[in-house]
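Okay, here's what each chain looks like letter by letter:
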Amino acid sequence: MSPVIHSLLETDLYKFTMWQAMLHRHPRTQAEYHFVCRNRESADLGALLPQVEQELDALCSLSFSKAELAYLRSLRYISPDFVDFLRIFRFQREFIRAWADGDELHIVAEGPQVHVMAFEIYVLAIVSELHYRRFDAEPALAEGRHRLRAKLETLQAFDAEPKRRNPFDLFDFGIRRRFSGPWHREVVDAFRRAVPQYFKGTSNVFLAAELDLVPIGTMAHEYLQMYQALGVRLRDHQKAALEDWVQEYRGDLGTALTDVVGMRAFLSDFDLYFAKLFDGLRHDSGDPYWWGELALAHYDKLRIDPGTKRLVFSDGLDVDKALALYRHFADRTQCGFGIGTHLTNDLGLPALNIVMKLVRCNGQPVAKLSDSPGKTLATDATFLAYLRQVFDAPAA
């Protein structure tokens, strides 16, 4: 079989944007990332270890081509010196290791952050595709195409609904848990062709370049988590991360992620200064209606017209959930909807719930306090309790 990853562009845009910010501002940071399967009882991933090792070897042999670097250079927020760094960049195999404990697969990337932070999406795509190669592809793809047609028909029927104040914008966020690379491309191309009025881009930089789509993404949880260990007061780490982002991108990439220590704690730091500088907010845990109403109330409190801002929803969405949220919010604010697994791995097979998360920075633990209890992630219970105390975030 051909390698799962054949281009280093085949990752989420926000890996590049966070990577650039860290290279410029904290290039000496050391970091540790752990792979986790949240529903490992449903899949013997440990058996994949020999193939995972081969895929990691192949990944570490890749480098960016001239054409790929030229594409990145064409994005106005990507700086020339970062492209020069990528020109000589290659993953170091010594910084990532994998092993099996029975049916459980372990993968740890550890080393200089600017050398290990990009492993995440490639690793998740590798594990996901290797897992689904064990199934009979023909009936799965037949079912996937049936479901894909149904999604497109739903969106085409949506055309008949009365127009609202703001448009419905849909994005593909599905690289990390996809069925396969070829299926990912087929889905994105189908949406691009059938519903261009709604389908506005993909987080997959390779597909964005190949299919002439807008690459979508700003920051992920790891970006704000890093600042828990970068020398600022813990209570101020969100403000420090947001400030560095503003200074790095000067108005570009203006969607802030809200749930690293919970929405309420985020909004306590998201004052008038940041609310004016950022274009909007991204939801990734907790009840989306509660979250959206809280965001709009916060803008109202700051005397900012919510209609000038944007709410991006990206937590476990499918097309029907996205449309329901759109109908609820679209007359009051701009909306965007990033759909992942339900676009690229909706073929009637059980979906893996896999992540690869930052757990330590510069030898210190970091953690995420999610608004969805199952998404809280930490390897150090003492630090997690301290983080809850600092941000007055009791365990759910």
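Above this note sits the structure.
The following refers to the structure shown.

Calculation notes
- Residues numbered from 1 in each chain as written.
- Predicted model: local features only at pLDDT ≥ 70, side-chain atom pairs only at ≥ 80, totals over all residues.
- Heavy atoms only, no water.
- Core = buried A, V, L, I, M, F, W, Y, C linked by side-chain atoms within 4.5 Å.
- Buried < 20%, exposed > 50% of the residue type's maximum accessible area, 1.4 Å probe, protein only.
- Helix = DSSP H or I, 4+ residues; strand = E, 2+ residues; numbered from the N terminus.
- Contact = heavy atoms within 4.5 Å.
- Axes fitted to C-alpha atoms, helices over the stretch in contact; angles between N-to-C directions.
- Parallel < 35°, antiparallel > 145°, perpendicular 65-115°, else oblique.
- Nonpolar A, V, L, I, M, F, W, Y, C, P; charged D, E, K, R; others polar.
- Salt bridge = Lys/Arg side-chain N within 4 Å of Asp/Glu carboxyl O.
- 1 Å grid on protein atoms, 1.4 Å probe; cavity = no way out; pocket = protein on both sides within 12 Å on 5 of 7 lines; lining within 4 Å.
- Points joined across faces, edges and corners; volume = space filled by probe spheres on them.

1. What about the nonpolar core?
- Formed by 143 residues in total, the largest nonpolar core has its most connected members in Phe-35, Tyr-223, Phe-270 and Leu-281.
- Per-element accounting of this core gives the leading share, nine residues, to helix α6 (residues 119-132).
- Leaving out residues up to four positions away in the same chain, Tyr-223 has contacts with Met-18, Ala-21, Met-22, Ala-241, Asp-244 and Trp-245.

2. A look at the packing of helix α1 (residues 13-25) against helix α11 (residues 237-249)
- At a minimum axis separation of 10 Å, α1 and α11 run at an interaxial angle of 95°. By the angle between their axes, α1 is roughly perpendicular relative to α11. Judged by residue contacts, Phe-16, Thr-17, Met-18, Gln-20, Ala-21, His-24 and Arg-25 of α1 engage Asp-244, Trp-245, Gln-247, Glu-248 and Tyr-249 from α11.
- Here the contact of α1 with α11 is built from residues that sort into five nonpolar, four polar and three charged.

3. Brief notes about the pattern of salt bridges
- Under the criterion given, the structure shown has 26 salt bridges.
- Put simply, Arg-327 and Glu-161 hold a salt bridge, and the shortest N to O gap is 2.6 Å. One end of the pair, Arg-327, is in helix α15 (residues 319-329); the other, Glu-161, is in the loop between α7 (137-158) and β4 (170-172), with 166 residues separating them in the sequence.
- For Asp-331, the salt bridge identified is with Arg-164, shortest N-O distance 3.4 Å. Of the two residues, Asp-331 is situated in the loop between α15 and β9 (334-339) and Arg-164 in the loop between α7 and β4; the sequence distance between them amounts to 167 residues.
- For Arg-164, a relative accessible area of 30% corresponds to the partly exposed category.
- One connected set of salt bridges, linked through shared partners, spans Asp-12, Lys-15, Glu-120, Arg-176 and Glu-222.

4. Quick look at the layout of surface pockets
- Here the largest pocket defines a volume of roughly 1,100 Å³.
- Mapped by element, the contributors of at least two residues to the lining of the largest pocket are α1, α10 (221-226), β8 (310-313), α16 (341-344) and β10 (354-361).
- Per element, the largest residue contribution to the lining of the largest pocket is four residues, and it comes from β10.
- Residues belonging to the lining of the largest pocket are distributed by class as follows: 16 nonpolar, 16 polar and 15 charged.
- Estimates place the volume of the second largest pocket at around 340 Å³.
- Considering the residues around the second largest pocket, the lining is formed by 21 residues, among which Gly-262, Ser-370, Asp-371, Ala-393 and Pro-394 are closest to the centre.
- Here the lining of the second largest pocket takes four residues from helix α12 (residues 263-269), the largest share from any one element.

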